[in-house]
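Structural overview for review
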Amino acid sequence: MISALAGESWALPRQAAAVWSVAYLVLLGSGGLFVLMLLVMRQWTVSAAAYAFVLFPVVTMVLEAWLIDVPITPRGISGALIVMAAVWFGALAPTAPRPSSGDSTRVAEVR
């Protein structure tokens, strides 16, 4: 939406390779990952399965270096570390203790 507000034009890909790439990313990259995470969460706890998201940047960098010879650069490593830290702090970091049940914010019981 910001690109539309900035006046940038939108265009759909016209090359077959680009269309197949987007289809692959949508179907296998998003849908396939969702199904795999559901399967993993049946075997592991949700917290343990969430740690997979912390490792995605590292796995991605290693695979792209191995499969398509993309060099691992300091910039890529720092980006991966930022993503890993954000995922850890946003989803996995220990939370503050919850208020006790004697707190004044209790909800009145409905009968």
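The notes below deal with the structure included here. Note that the structure is predicted; figures quoted are calculated from it, not measured.

Thresholds applied
Residues numbered from 1 in each chain as written. Predicted model: local features only at pLDDT ≥ 70, side-chain atom pairs only at ≥ 80, totals over all residues. Heavy atoms only, no water. Helix = DSSP H or I, 4+ residues; strand = E, 2+ residues; numbered from the N terminus. Expected span 1.5 Å × (residues − 1). Buried < 20%, exposed > 50% of the residue type's maximum accessible area, 1.4 Å probe, protein only. Arc of directions from axis to C-beta. Contact = heavy atoms within 4.5 Å. Axes fitted to C-alpha atoms, helices over the stretch in contact; angles between N-to-C directions. Parallel < 35°, antiparallel > 145°, perpendicular 65-115°, else oblique. Left-handed = near helix turned anticlockwise from the far one by under 90°. Nonpolar A, V, L, I, M, F, W, Y, C, P; charged D, E, K, R; others polar.

**A few points about helix H4 (residues 74–92)**
Since the α-helix turns once every 3.6 residues, residues separated by three or four places project in the same direction. Taking 1.5 Å of rise per residue, 19 residues should cover 27 Å, and H4 covers 25 Å from first to last C-alpha, within 8% of that figure. Those residues of H4 lying buried are Ala 80, Met 84 and Leu 92. Take H4 and look down its axis: the buried residues cluster within an arc of 35 degrees, on one side only. Every exposed residue of H4 that faces more than 90 degrees away from the buried side is listed here: Pro 74, Arg 75, Ile 82, Ala 86, Phe 89 and Gly 90. Where H4 is buried, its residues contact helix H3 (46–68).

**A look at the packing of helix H2 (residues 16–43) against H3**
Where H2 contacts H3, the axes come no closer than 9 Å and their chain directions differ by 140 degrees. By the angle between their axes, H2 is oblique relative to H3. The element H2 and its partner H3 pack so that their crossing is right-handed. Residue-level contacts link Leu 33, Met 37, Val 40 and Met 41 of H2 to Val 46, Ala 49, Phe 53 and Phe 56 of H3. Along the lines of polarity and charge, the residues of the contact of H2 with H3 split into 8 nonpolar, no polar and no charged.

Distances and angles like these do not, on their own, reveal function.
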